[in-house]
Amino acid sequence: MNLSGPLDSFGDAFLKNFITFSLGIIISCINGAFVYTYFQSQEFQRDPRYVLYIHLVINDMIMLACSVVLQIVSYAIPTGFTSCCIILVIIITTNKNSPLNLAGMAVERYIAVCRPLHHVQICTVQRAHALIALIWTVSFIPAVTDVIIILATQPLSVFSQTVTCYPSNVYHTSYHVRKRLFIQVSLLSFVSLTLIVTYVKVLCTAKAMSGSNQASARNARNTILLHGVQLLICMLSYISPFVTLSLVTISPHESTKIYFTSFVLTNILPRLLSPLIYGVRDKKFSRHIRLHFCCKRFQSERKRVHAAGPRRRSAKVLH
């Protein structure tokens, strides 16, 4: 988010928005390629593992789009309090969706390795969709609670004002601070505990297996470990406001650069991790991407060459 648009020169504002917009487009195109591949294959849509994965990608795309739009708009026009609250509800909800989705994916891998005979019955596409609905509900409640606190503690005239649209700037009451701390600690504790337990269980199971089963368990263990890495990166969005505030206090003359760097590192670049960690690493997904994009490009080139052939032959006949 931008806290310092009015303090930037036109050149600085243009450069920051250009970088943000360019990164947003690039990451959205990469994520969009995985979403397109998913919906082109019934095989992925029947697998709850890929249902949860593609939800993570789409969730990141929504968060990225809202963050980039808010960043650019905050430089161009004053942001109304009501519009700011709506955008923040979406951003906060999608931000909390990510770690909960990671926990769901870790549990699915745990069941696949440690309870393989029950995996088909427990992990179904319908239950994956139900889990996604539950994740959105759980994440939406804290986001909308922030608005309810504003309604309860502030006069209604505040919604007609303009504001610098940043969560800690809009939701700054003591109730918001306590609620934010409680939600973040509870959420991260739950997800971290889930990842640790599933990782240890899969690790123990992998040691007891042999052959191809051991290789499958090892892959699941590595996947859960990557979930943990991504969770640490998700935690940056919770820790970054405190780190950013400390850096701004130390170097107030560099505040615009600090806020922008923090925004890119915690809101933009992490949205690229899901396709790189899961999509590229997953052999089945990477194979389908090559099939859909590389083969289609080859076919279009072939059609162009075949279409040019008759034209050249007709030109020779005329000569």
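Notes on the structure in this doc start here. (Residues numbered from 1 in each chain as written. Predicted model: local features only at pLDDT ≥ 70, side-chain atom pairs only at ≥ 80, totals over all residues. Heavy atoms only, no water.)

Bringing the overall build of the chain into the picture now. Counting its secondary structure elements, the chain contains 12 helices and two strands. When the helices and strands of the chain are placed in sequence order, the string is α-α-α-β-α-α-α-β-α-α-α-α-α-α. About 17,300 Å² of surface is accessible on the chain, with carbon and sulfur atoms providing 69% of the total. (Helix = DSSP H or I, 4+ residues; strand = E, 2+ residues; numbered from the N terminus. Areas by Shrake-Rupley, 256 points an atom, 1.4 Å probe, with all protein chains shown as cover.)

What follows is about the state of the cysteines. By definition, a disulfide links the sulfur atoms of two cysteines through a covalent bond. With the rule as written, the count across this model stands at one disulfide. The residue that forms a disulfide with Cys84 is Cys165, at a sulfur-sulfur distance of 2.0 Å. Across the disulfide from Cys84 to Cys165, rotation about the S-S bond amounts to roughly 95°, and the bridge is consequently right-handed. Remark: Cys165 occurs in the loop between β2 (162-163) and α7 (167-170) and Cys84 occurs in helix α4 (residues 81-114); sequence separation between them is 81 residues. Per residue, the accessibility class of Cys84 equals that of Cys165, and both read buried. Among the cysteines around Cys204, which has no disulfide bond, Cys114 carries the closest sulfur, lying 8.4 Å off. (Disulfide = S-S within 2.5 Å. Buried < 20%, exposed > 50% of the residue type's maximum accessible area, 1.4 Å probe, protein only.)

Judged by nonpolar contacts, the single largest core of 35 residues is most densely connected at Tyr38, Tyr53, Ile54, Val191, Val202 and Phe285. Elements supplying a minimum of two residues to this core: α1 (10-39), α3 (48-76), α4, α6 (125-153), α8 (174-208), α9 (212-250) and α12 (283-318). When residues of this core are assigned to their parent elements, the largest contribution, nine residues, is made by α4. With 19 residues, the next largest nonpolar core counts Phe81, Cys84, Cys165 and Tyr171 among its residues. (Core = buried A, V, L, I, M, F, W, Y, C linked by side-chain atoms within 4.5 Å.)

Our focus in this paragraph is the environment of Ile183. Residue position: Ile183 is located in helix α8. Distance from Ile183 to Ser139, taken between C-alpha atoms, is 9.9 Å for residues 44 residues apart in sequence. What Ile183 contacts, discounting residues up to four positions off in sequence, is Lys96 and Pro142. (Contact = heavy atoms within 4.5 Å.)

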